[in-house]
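Next come the chains, spelled out residue by residue.
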Amino acid sequence: MSQFSDKLIEFLSNDYPDLSAWTIICANNRAVDPVQYLIHSEIGGLLPRVEDFNSYITKKIAERLNLQPLSDDERIFYFIRFFADKYPDEQYPARQAASLLPLISKLAKYNIGRNNIFGAERFTEEEWNRLEQYLEMAHGFRVWLSKINFFLTELEINLLDGIAPGEKEIFIGLPEITPVIERFYRKIEKERLFIDKPLFGPELSGPDKLPFDSAKNLALSFGGKIKPSAGAGLELISLSGLPALIDLVTLEVSSFLKQRSERDQLMIFLLDESLTTMLWNRSLRLFGNKVNLAVWLPFSTTAAGRRLLNEIEKAQMSGLMPDFKRYAANCALELSKNRENYVREECEALEAAVSVSTLLDDWKERLGCHLTEAAKIIIEAKKFRVTGSRSAPIQVVGFGHVSGEKFSRGLMLPLDSGIMPTQPFEGPFINPVHVPQLRKNVFEYEDLIFRQILAQGDRIKIAAVTDTIRERTPSYYLSLLAQEFGKPVTTIAFKEYLPEKQITKKPAIPLDDNLRARLKDFTYSFSSLTKILACPFLFYHQHILKLEPPSFMHDDEKINMQMGNFVHKFLQQLSTGGKKKFDDWEKLFTELWESNENAELRNIDGINIYKLNALILLKEIYDDELESGRRLVFADNAIACEEKFSGTIAGSYKITGRSDRLAKIAGRTEVIDFKYSTKKDKFIISTRTNVLTRFQEKGVLHPAAQLIIYQHFIAGLAGARFYFLKEASKDREIILPPEQSAEAAELMMAIKERLDAIISANELAPEYNSSECAFCRFQALCGREAYYMAARGND
Amino acid sequence: MQSMLLKASAGSGKTTRLTNEVFDRIFIGGKFITALTFTRAATAEMRSRIMEKIAAEKEMPLLDRLRLIMEAGRVGYSTIDSFFYRLFAASGFAPKMADEKAQIELSGEIERLFRSRRAKL
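A quick note: this is a predicted structure, and the numbers were derived from the prediction, not measured. (Residues numbered from 1 in each chain as written. Chains lettered and ligands numbered in written order. Predicted model: local features only at pLDDT ≥ 70, side-chain atom pairs only at ≥ 80, totals over all residues.)

Remarks on the overall build of chain B
The condition is simple: Starting at the N terminus, helices and strands are each numbered in turn, a helix being any DSSP run of H or I of at least four residues and a strand any DSSP run of E of at least two. Exposure criterion: with C-beta atoms placed from backbone coordinates, a residue whose C-beta has 20 or more other C-beta atoms within 10 Å is buried, one with 12 or fewer is exposed, and one in between is partly exposed. A pair of residues counts as a contact when their C-beta atoms, built from backbone coordinates, are within 7 Å of each other.
A tally of helices and strands in chain B yields 5 helices and 2 strands. Counting the 121 residues in chain B, one finds 20% classified as buried. Restricting the contact set of chain B to residue pairs at least 6 apart, pairs at least 24 apart contribute 61%.

Here it is, written out as structure tokens:
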């Protein structure tokens, strides 16, 4: 039973059985149903009218103006039409209108104008002009609406000053107190205004007002009282990480269901509506009919919502008007066929889809070219409710739910910064610093609701989330409650659930004689050799079955690789083009870029930025070489480019490859291998690095092995080096130390022995310990547990 | 108000100092305070530290502590990026997530700028 119920019943009983002359006005629309139920069950007879404050004032203003109020769904459509007419040059009138309508409504609701801007001396001329423009826009919209026999309640709110509360009207609760609403509520006789007592700590329960914004001040100023309490039933919790909310809700609901007595209810107050879908899908829906989800779900995230958006986009692409009537009919058909099979929220979403598309069909002529944008806006804003039983043991409700009814257990979450109390303005267009009254009013209203909820519950847990990644921290309001009631904030961290490792046999390729022969006869490149040594399973799929890796690579990485190939081609032509080409290299680059054979690369969307990057890198190298006088890339040093070599590894396995450039450097013939990357650590050959020992001990082939192979198989080479084209510093080379190349024969023998061992085994198995394994694109085949690393990192 | 530049290495107490500065200002009734940090983590840290600092003032009467919490709640803790975003937002110049049409127009503009720069090169 609510705090005011006895008094209300006493009031109405005098007129029993005909109570129809009375009107009960609830500040919050969520209180309407319980009040109606209370009167019906306690007195009965001809019931009074019970409505919320918004509909009450809308009705009063409609009587005064003799105009029709705009419905919630249609107001944005009317405003788009007005806005598009008034500002024909506006590029996106629908989007602009959608962000301006709440703003001008709020300006009107709070009577914000030139005369009540705080710190007006800091308002710039531009800000004044903008404010004038919005006020003028609001006025223009009112006039425009009245010509078509409509009005918007928020814009006409000042008419409340001329309206007096009737004698047979009872008001329950306080709404958000704007200046005009305050004046109206002050006109209500005290005995006909029932305000639920908000809960306050013992030290704050004196008769005086508090020295800061507070629900107590608000309640006292309207003749209300407060409920002092030591907060015995309060528990304050801080959760680590947003997903912990799911654990807490699941734990609370299941333990409540086990312990509850017959009529007990657990009220869950969701303070952040954006979490509804997550909590519903991952926790609450599992409890079936025991949960009544009385909060709003976003329509756009449902299958029906997404399909409707898809229809709109499809029609937009084909230049046609979306056929909303057909979509509504299809949804209705789907609903009638599947009502028994679909879960509740799917049915409700389909019903919402029918109503939205019918509305859009009705408006399609009037909105004309703005229809598509307007449709997207209304779909994004549309919310719907899953209807359930008010007697269900678990009631999930929004923050506005102050019905006055008592409950045994409550859970309020998440009490995070910016969620409770809310920011009165998050922009755009007006700075809250200039309207401090707005912040005070919003805070006091929310403080009142919060404390009225606290007063209704026997035991309430209030949880906040600490999640640095998602920028969530407990609200200062949690600290306020902790200090006021002298309660500790308990930190709870739920242990993450990790599935046990599945002990299943990993896939492997059986090796028969036929496959052995193919592997023995295979002509290896450095790349395929590295693969078979690192992971025989990967080698088999990529080089024997020639499977294409799945399209997993990031676009950037893919384009970068193609750009690298182009730069290699350019360097080849540069070195074979004669001396005159060096200083005119940009022309050569452009010619090659514009050539027919480069058409595919040239046509890649967004390639220009990669091309510009390559030009900048080459220019840097060119300038550095010009400055230092030491020419290596832009040099007349090439003996051969893309020279093919071949040989056998320790007389057993065929190997082949092409060197980027054989160059004459300081009188010696050397090989240069260009890498289109920065100088990564894995290429560094430190004094402690021994390619042979590392291979023998760890089975890992160091990238420098490529240079050793070049030097081993290309006759007459006196040296080998990598050249890193993307290296930011001027130190772009890594030179193979002579002592490494001296061990080439031993390295070849070690490679041969490893290949022998791989080929003589019974199967080609995946090698999960390989350093490349985490980045491999064939993991779907080998069944590696920690599936795919995100990326290799950008060059 | 006195300006102060504090340069120190990581972990040496810059955030603690900033927290103390904020505390001192709300203690004397300062209004419209904004505390900016470079990272979200530091912002969150500062928010909780100031609450801890107020809670630790056990000698202070409860009403004063609650008043300080209310004032601390009004301090604009944010990263520098987010502060400027809000500043622009309040002035009506906030960048919005470009929709498809805007993206096409932006791409066209970038391409045009790129070509004009290329022509100059």
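A few points about helix H9 (residues 244–259) of chain A
Residue and element names in this part refer to chain A. The condition is simple: Helix span, expected: 1.5 Å multiplied by one less than the number of residues in the helix. Relevant arc is that of directions from the helix axis to the C-beta atoms, nothing else.
Look at H9: 22 Å from first C-alpha to last across 16 residues, which is about the 22 Å you get at 1.5 Å a residue. Listed in full, the buried residues belonging to H9 are Ala244, Leu245, Leu248, Val249, Glu252 and Val253. Taken end-on, H9 shows its buried residues confined to a sector of 160°, consistent with a single buried face. Facing away from the buried side of H9 by over 90 degrees, the exposed positions are Ser255 and Lys258.

A closer look at the sheet that holds strand E5 (residues 169–172) of chain A
Within a sheet, adjacent strands bond to each other through the backbone by hydrogen bonds, running parallel or antiparallel. To keep it simple, the criterion reads: Two strands form a pair only when DSSP identifies at least two bridges running between them.
The parallel open sheet is built from 4 strands, whose spatial order is E2-E1-E5-E6 (chain A). Of all strands in the sheet, those with a lone pairing partner are strand E2 (49–52) and strand E6 (193–194) of chain A, marking the two edges.

A closer look at the sheet that holds strand E17 (residues 489–492) of chain A
All names here are of chain A. Let me state the cut-off plainly: Angular values range over 0 to 180 degrees, each being the angle between N-to-C directions of two axes fitted as lines to C-alpha atoms, with helices fitted over their stretch in contact.
As summarised here, the arrangement of the 7 strands in space is E11-E14-E10-E15-E16-E9-E17, forming an open sheet in which the pairing is parallel. The outermost strands of the open sheet, each flanked by one partner alone, are strand E11 (291–293) and E17. On average, adjacent strands in this sheet sit at an angle of 20° to one another, irrespective of strand direction. Bridge count for strand E10 (residues 266–270) against strand E15 (residues 407–413) is 5 bridges, and the pairing is parallel. When the sheet's bridge partners are listed, Met267 is paired in E15 with Gly410. Sheet contacts for helix H15 (residues 436–456): E10, E15 and strand E16 (457–466); angle to E16, the most-contacted strand, approximately 135°.

Brief notes about unusual backbone geometry
Residues and elements named next belong to chain A. Residue Pro17 is bonded to the preceding Tyr16 through a cis peptide linkage, with omega at 10°. In this fold, Pro17 is placed in the loop between helix H1 (5–13) and strand E1 (23–26). Of note, the amide linkage connecting Leu413 to Pro414 takes the cis form, showing an omega dihedral of -10°. Along the polypeptide, Pro414 turns up in the loop between E15 and H15. With a phi angle near 55°, Lys546 is a residue other than glycine that sits in the positive phi range. Residue Lys546 is classed as exposed on the basis of its C-beta count, with 7 C-beta atoms lying within 10 Å.

Topic: the environment of Ala120(A)
Residues and elements named next belong to chain A. As for its placement among the helices and strands, Ala120 is situated in the loop between helix H5 (93–109) and helix H6 (125–147). With 12 C-beta atoms counted inside 10 Å, the residue Ala120 sits in the exposed group. Sequence separation of Ala120 and His434 is 314 residues, and the distance between their C-alpha atoms is 7.4 Å.

Remarks on the pairing of E5(A)
Residues and elements named next belong to chain A. The pairing of E1 with E5 spans 4 bridges and is classified as parallel. Its bridge partner lying in E5, Thr23 is registered against Glu169. Where E5 and E6 come together, 2 bridges link them in parallel fashion. Note on E6: the bridge partner recorded for Phe171 is Leu193.

Focus on the pairing of strand E14 (residues 394–398) of chain A
Residue and element names in this part refer to chain A. For E10 and E14, the ladder comprises 5 bridges, and the chain directions are parallel. Paired with Ile268 across the strands is Val396, a residue of E14. Two elements, E11 and E14, share 3 bridges in a ladder whose sense is parallel. Each bridged residue has a counterpart across the sheet, and for Val291 the counterpart in E14 is Ile394.

With respect to helix H18 (residues 526–534) of chain A
Among all positions of H18(A), only Leu529(A), Lys531(A), Ile532(A), Leu533(A) and Ala534(A) are buried. In this structure, the buried residues of H18(A) make contact with strand E19 (523–524), helix H19 (536–544), strand E21 (653–665) and helix H27 (744–760) of chain A.

So, the nonpolar core
Note on soluble globular proteins: their nonpolar side chains tend to be buried together. All names here are of chain A. So the rule is basically this: In plain words, the nonpolar core is the set of buried Ala, Val, Leu, Ile, Met, Phe, Trp, Tyr and Cys residues that C-beta atoms within 7 Å link up.
Counting 152 residues, the largest nonpolar core has Ile172, Leu415 and Ile462 as its most contacted members. At 10 residues, the largest contribution of residues to this core is made by H15. Once residues lying within four places of it in the same chain are set aside, the contact partners of Ile172 are Phe4, Ile24, Ile25, Cys26, Ala27, Ala31, Val35 and Phe194. Among the nonpolar cores identified, the runner-up in size contains 51 residues, and Val691, Ala704, Phe724 and Ala750 belong to it.

Some points on the confidence of the model for chain B
All names here are of chain B. The criterion, for reference: pLDDT expresses, on a scale from 0 to 100, how confident the predictor is about each individual residue.
Looking at chain B as a whole, the pLDDT averages 80, with 81% of positions reaching at least 70. For chain B, helix H5 (residues 100–120) is the element with the lowest average pLDDT, namely 69, and helix H3 (residues 62–74) is the one with the highest, namely 93. Both scores are given for the predicted complex: the pTM is 0.67, the ipTM 0.79.

Comments concerning the confidence of the model for chain A
Residues and elements named next belong to chain A. Of all residues in chain A, 94% have pLDDT values of 70 or greater, and the mean over the chain is 87. Averaged pLDDT values for the elements of chain A fall to 77 in helix H28 (residues 779–782) and rise to 97 in strand E4 (residues 150–151). Under a pLDDT of 50 for its full length, residues 787–795 has, in the predicted model, 10 contacts with residues more than four places off or in other chains.

Remarks on the packing of helix H25 (residues 705–713) of chain A against H27(A)
All names here are of chain A. Note the following rule: Comment on the angle field: the value is read as roughly parallel under 35 degrees, roughly antiparallel over 145, roughly perpendicular from 65 to 115, and oblique elsewhere. Should the near helix be turned counterclockwise from the far one by less than a right angle, the crossing is left-handed, whereas a clockwise turn marks it as right-handed. Under the scheme applied here, ten amino acids are nonpolar (Ala, Val, Leu, Ile, Met, Phe, Trp, Tyr, Cys and Pro), four are charged (Asp, Glu, Lys and Arg), and all others, including Gly, are polar.
Two elements in contact, H25 and H27, have axes whose closest approach is 10 Å; the angle formed by their N-to-C orientations is 110°. Considering their axes alone, H25 and H27 lie roughly perpendicular with respect to each other. Helix-helix and strand crossings are classified by hand; for H25 and H27 the assignment is left-handed. Here Ala705, Ile708, Gln711 and His712 of H25 come into contact with H27, specifically with Ala744, Leu747 and Met748. Looking at the contact of H25 with H27, its residues break down into 5 nonpolar, 2 polar and no charged.

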